[in-house]
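Notes for the structure review
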Amino acid sequence: AQSVAQPEDQVNVAEGNPLTVKCTYSVSGNPYLFWYVQYPNRGLQFLLKYITGDNLVKGSYGFEAEFNKSQTSFHLKKPSALVSDSALYFCAIRRGDYKLSFGAGTTVTVRA
Amino acid sequence: NAGVTQTPKFQVLKTGQSMTLQCAQDMNHNSMYWYRQDPGMGLRLIYYSASEGTTDKGEVPNGYNVSRLNKREFSLRLESAAPSQTSVYFCASSADRLPYEQYFGPGTRLTVT
C-alpha cells in the first residue's frame, strides 16, 4: 500500500540557514508525491508535486524537493529559511484509489 | 474565485447534539473529500465523493454521514456528537486528472463537551 512517513515531529533552524523536512515513501509502481504547508489556523496550501521527470522539483515560496528513487525519499528543502516559514508541513502520496495518504506532519520553527 | 469554502469556522457542541458542516467549491471539481486533523495523526479521510450522488467511506467514517448535494457542495453531518469527534475538519476538492492535487478549505474547529 502507498504510504509516506515523516520521521521528524519538529525541525528547528535559524533564519538564513538551510531548511530540510524529510519524507520517505512506500509504493508499488511510480509515486505521485506532494508537499503541503499549513500556517496556524489555516487550511493546507499546496507547495509542490512530483509526478515524473526531473528529480528536483521547484515549488512555491522558494521551496524545492528532491525525489530520490533509490532512497525512496522526497525531502523538502529551502536554501535560506525565513521566520515566516514557521508552519506545519505535510508530505502526501497518491494512492492506487486516487486518494491522498498524508504523513503525520512536521512542525518547522525558524528562529530569528 | 473563492476556491473551497467551509462554514462554520468554529463550533462548540454538547455530547449528543447534531450539526452539519458545509463545504462548497467553485473549481468545477468532481471529487470532494472530508478530513479530520488531530495532533500527531496528520489528516485522516472521513468520506469521499467522486461525483454528484456518490459517496464512499474513508478511514474513519464512524459517527459521520455525508451528502453530495450537487457538484459544488459536500456536507458532513454529525448525528450525535461525541467528545472523540473534537477535531479540526477540512474539506478538499480535486480534479479527475493527474496529478489529482487537492485544494483545501480553511477548516472548521469543532469542540464537543
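Report follows, based on the coordinates. For every chain, the first residue of the written sequence is number 1, and numbering continues from 1 onward in sequence order. For this description, chains carry letters from A and ligands carry numbers from 1, given in the order in which they are written. Whole-chain, interface and lining totals are the exception, using all residues; otherwise, since this is a predicted model, local features are given only for residues with pLDDT of at least 70 and side-chain atom pairs are given and counted only at 80 or more. To obtain the side-chain values, all non-hydrogen atoms of the structure were used and water was disregarded.

Let us look at the overall build of chain A. Secondary structure assignment for chain A yields zero helices and 12 strands. Helical segments are the DSSP runs of H or I of at least four residues, strand segments are the runs of E of at least two, and each set is numbered from the N terminus. Mapped from its N terminus to its C terminus, chain A presents α and β elements in the order β-β-β-β-β-β-β-β-β-β-β-β. Here the globule rule reads 2.2 Å times residues to the power 0.38, and the radius of gyration is calculated from C-alpha atoms. Relative to the 2.2 N^0.38 estimate, which gives 13 Å for 112 residues, the radius of gyration of chain A is 13 Å and therefore close to what a compact globule would have. With the C-alpha coordinates aligned to their principal axes, the bounding extent of chain A is approximately 40 × 30 × 20 Å. By sequence separation, contacts in chain A at least 24 residues apart represent 54% of the contacts at least 6 residues apart. Contacts between residues were defined by any pair of non-hydrogen atoms, one from each residue, lying within 4.5 Å.

Moving on: the overall build of chain B. For chain B, the count of helices and strands is zero helices and 11 strands. In chain B, the order of α-helices and β-strands from amino to carboxyl end is β-β-β-β-β-β-β-β-β-β-β. For a compact globule of 113 residues, the expected C-alpha radius of gyration is about 13 Å, and chain B comes in at 13 Å, within 12% of that figure. Considering only C-alpha atoms, chain B reaches an extent of 40 × 30 × 25 Å along its principal axes. A 1.4 Å probe rolled over the protein chains alone gives each residue an accessible area, and that area as a share of the maximum for its type sets the label: buried under 20%, exposed over 50%, partly exposed in between. A total of 113 residues make up chain B; the buried ones form 49% of that total. Contacts in chain B between residues far apart in sequence, at least 24 positions, make up 54% of those at least 6 positions apart. Method for areas: the Shrake-Rupley scheme with a 1.4 Å probe, in which residue coverage is limited to the protein chains shown. Carbon together with sulfur atoms contributes 49% to the accessible area of chain B, which is approximately 5,200 Å² in total. Averaged over its 11 positive side-chain charges, chain B has a centre that lies 6 Å from the centre of its 9 negative ones. Positive charges come from Lys and Arg, negative ones from Asp and Glu, while His and the chain ends are left out of the count. Taken as the charge centre is NZ of Lys, CZ of Arg, CG of Asp or CD of Glu, depending on the residue.

So, on to the layout of surface pockets. The computed volume of the largest pocket comes to approximately 560 Å³. For cavity detection a 1 Å grid was placed over the protein atoms alone, and a set of points counts as a cavity when a 1.4 Å probe fits there but cannot get out; an open set counts as a pocket when protein lies on both sides within 12 Å along at least five of seven lines, with lining residues being those that have an atom within 4 Å of a point. Along the walls of the largest pocket sit 27 residues, with Gln 38 and Leu 88 of chain A together with Gln 37, Val 88 and Arg 109 of chain B positioned nearest its centre. Elements that contribute at least two residues to the lining of the largest pocket include exactly β10 (87-94) of chain A together with β9 (87-94) and β11 (108-112) of chain B. Polar here means any residue outside two lists: the nonpolar Ala, Val, Leu, Ile, Met, Phe, Trp, Tyr, Cys and Pro, and the charged Asp, Glu, Lys and Arg; Gly therefore counts as polar. Of the residues that constitute the lining of the largest pocket, the class distribution is 11 nonpolar, 11 polar and five charged. If you add up the space inside the second largest pocket, you get close to 170 Å³. Grid points are joined across faces, edges and corners, and a volume is the space filled by probe spheres set on the points.

Moving on, we come to the sheet that holds strand β8 (residues 74-78) of chain B. Residues and elements named next belong to chain B. Strands sit in the order β1-β3-β8-β7 across an open sheet of four strands; the sheet is antiparallel. Two strands in the sheet have a free side with no partner beyond their single neighbour: β1 (4-7) and β7 (64-68). Across the sheet, the mean angle from the axis of one strand to that of its neighbour is 20°, orientation sign disregarded. Any two strands with at least two DSSP-identified bridges between them are counted as paired. Where β7 meets β8, five bridges bridge the pair, whose relative direction is antiparallel. Among the inter-strand pairings, Arg 68 is bridged to a residue of β8, identified as Phe 74. To obtain an axis, a line is fitted to C-alpha atoms, over the contacting stretch when the element is a helix, and the angle between two such axes runs from 0 to 180 degrees between their N-to-C directions.

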